[in-house]
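Fold and geometry: a report
Each chain, letter by letter, is given below.
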Amino acid sequence: MLQYNYPTIIQFGNDALNAIAPALQSWSSQKLCIVTDKNLVQQGLCQEIIEILERKKIPFVIFDSTHPNPIEEDVEKALELYQSSKCDSILALGGGSPMDVAKTLRIVASHPGPLEQYDDNLQGSEKIIETLPPMIAIPTTAGTGSEVGRSSVVLMRKTGVKTIFFHPKLIPNLAILCPKLTQGLPPHLTAATGLDAFTHCLEAFLVPSLHPMADGIALESLRLIIEYLPKAYHNGKDLEARGRMLLASQMGATAFQKGLGMTHSLAHPLSAQFSMHHGLANAILLPHVLRWLETHCQQASDRSAFQRVQDIFKVFGLAEATLSSSVYKFVQSLGI
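What you are looking at is a predicted structure, and each value in this text was computed from that prediction instead of being measured. (Residues numbered from 1 in each chain as written. Predicted model: local features only at pLDDT ≥ 70, side-chain atom pairs only at ≥ 80, totals over all residues. Heavy atoms only, no water.)

Counting residues in each nonpolar core, the largest one holds 44 residues, and the members touching the most others are Phe198, Leu202, Ile225, Phe316, Leu323, Val327 and Phe330. Secondary-structure elements contributing two or more residues to this core are strand S2 (9–12), strand S9 (174–177), helix H6 (187–206), helix H7 (212–234), helix H8 (239–255), helix H10 (278–300), helix H11 (303–316) and helix H12 (323–333). Of all the elements, H7 adds the most residues to this core, at 10 residues. Not counting residues within four places of it along the chain, the set of residues in contact with Phe316 comprises Phe198, Ile226, Leu323, Ser326, Val327 and Phe330. Ranked by size, the runner-up nonpolar core spans 27 residues in total, among them Met99, Met156, Phe165 and Leu170. (Core = buried A, V, L, I, M, F, W, Y, C linked by side-chain atoms within 4.5 Å. Buried < 20%, exposed > 50% of the residue type's maximum accessible area, 1.4 Å probe, protein only. Helix = DSSP H or I, 4+ residues; strand = E, 2+ residues; numbered from the N terminus. Contact = heavy atoms within 4.5 Å.)

The next subject is the pattern of salt bridges. Scanning the model with the defined rule gives 10 salt bridges in all. The partner of Arg157 in a salt bridge is Glu72, and the shortest N-O contact between them spans 3.7 Å. You can see Arg157 sitting in the loop between strand S7 (151–155) and strand S8 (162–166) and its partner Glu72 sitting in helix H4 (residues 72–84), a full 85 residues away along the chain. Here Glu72 falls in the buried class, since its relative accessible area comes to 10%. Among the ionic pairs, Lys77 bridges to Glu73, the shortest N-O distance being 3.3 Å. Taken as a pair, Lys77 and Glu73 lie in helix H4 at a separation of four residues, close to a single helical turn. For Lys77, a relative accessible area of 42% translates into the label partly exposed. Judged by its relative accessible area of 35%, Glu73 falls in the partly exposed class. Ionic contacts of the salt-bridge type, sharing partners, join the residues Glu220, Arg223, Glu227 and Lys231 into one network. (Salt bridge = Lys/Arg side-chain N within 4 Å of Asp/Glu carboxyl O.)

Let us now look at the side chain of Thr66. With respect to the secondary-structure elements, Thr66 resides in the loop between strand S4 (60–63) and H4. Look at Thr66 and you get buried, because its relative accessible area is 9%. Side-chain polar atoms of Thr66 contact the backbone oxygen of Thr36, separated by 3.0 Å. Dropping the residues within four chain positions of it, Thr66 is found in contact with Val35, Thr36, Asp37, Asp74, Ser97, Pro98 and Val101. (Polar contact = N/O pair within 3.5 Å; in protein donor to acceptor, adjacent residues only side chain to side chain.)

This part takes up the packing of H6 against H7. Between H6 and H7, the least distance of the axes is 9 Å, while the angle of their chain directions is 160°. With respect to their mutual orientation, H6 and H7 come out roughly antiparallel. In the crossing of H6 with H7, the sense of the turn from one axis to the other is left-handed. The segment H6 lies against H7, with Pro187, His188, Thr190, Ala191, Gly194, Leu195, Ala197, Phe198, Cys201, Leu202, Ala204 and Phe205 engaging Asp215, Ala218, Leu219, Ser221, Leu222, Ile225, Ile226, Leu229, Ala232 and Tyr233. A breakdown of the residues in the contact of H6 with H7 according to their chemical character gives 17 nonpolar, four polar and one charged. (Axes fitted to C-alpha atoms, helices over the stretch in contact; angles between N-to-C directions. Parallel < 35°, antiparallel > 145°, perpendicular 65-115°, else oblique. Left-handed = near helix turned anticlockwise from the far one by under 90°. Nonpolar A, V, L, I, M, F, W, Y, C, P; charged D, E, K, R; others polar.)

A few words on unusual backbone geometry. Here Gly113 and Pro114 are connected by a cis peptide whose omega angle stands at 0°. Relative to the helices and strands, Pro114 is located in the loop between helix H5 (96–110) and strand S6 (135–139). The phi dihedral of Lys57 falls on the positive side, at around 55°, and the residue is not glycine. Turning to its location among the elements, Lys57 is positioned in the loop between helix H3 (47–55) and S4. The phi dihedral of Lys86 is positive, around 55°, even though this residue is not glycine. Mapped onto the elements of the fold, Lys86 is located in the loop between H4 and strand S5 (89–94). Classification of Lys86 as exposed rests on a relative accessible area of 69%.

Written out as C-alpha cells, the structure reads:
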C-alpha cells in the first residue's frame, strides 16, 4: 500500500481497502452512508467493504439508487436516508455517477436547499461555506478521476441540464485506488471509461493557458493510457494494467484543473439528452473536435498549438500524422 498526497490523500494497492476503518475512526464517525448503485451491490463489490465495517463495528447504511447519469432526485433520496439514519460521513463506491451523488450530498447535508442555488454557473460556489461531511471515494472504473476532483455533475429537474457544482472543499478526504475492484468491468465499459480519462488529459494539455504541472501530468497520463488501456480492454484480469489505468484516471482529473474543451462541452448535453455513457460520448466526439481544431489552428497559423500537437505525437510514437486520425485509430482499436 502506497500513500501520496496530490491533491488529496490517496491509497493505492490491492490491500488499500484496509485504509477505510482507520480513516473513519480518525474522523470519529458515528454512522457511514455508502453511496453506490444496484449493479455494484449485485456484483458483490460492496461485500468486502461491508465485512470491514462489520468487523470494526462501524454502523452504516447503503444508498444504491444512483442513476447512470445522476439526477436531482438521486441527491434528494440520498439526503433523506442520510438524515433519517443520522449519518455523519460518506463513502462513494463506483464510477463517476455515485461519486457525483456523494459529493453533491455533502453540500445539501450541510447547507440549506434548494440545490439549484449552488450551481457553479450562478456563482453558487460562494455559498458553500460550511464544513462538509468527510468522504471516502473508491472508484470501480478508471475514467472520471472524480475521486480527486473538486466538482460534481447532476441533471437538474427544472432545467433538464447537467449542472456543475464546484468547490475545493468537494475534493474527497481520502481516495482509495484498489485495482482488483475494477477487474469485473466489461470490455466496452473499460474502453468508454478509459476514453473519458484520455479525453481529460488530451483536452487539458491542449488548453492554451500556462500550467506546466498540469501539462506534465497530462502527458504522462496519456502515455499510461495508450500503453495500458488496450491491455485492460483485452484482459480485464490484468491487475497491472488495471492499476495503471486507475493511476492515469486520477492523474487526468488532476490535470484538468487547468481546464477542458469542446469535447466535454458537447458530451454533457449529448449524454443528458440520450442517456449516453459520458465516456462513449467523448469517444464519439473527440476525433471530430480535433479535426476542427486542426483546421482552425492551421488557418490561424497557431504555432503554439502546433507544438502541443507535436508533443502529443511523441507520446503516440508518431513522426507525423494528424492528431484526429491518430486518436480515431486508437478509439477504433478499442471497439468504440
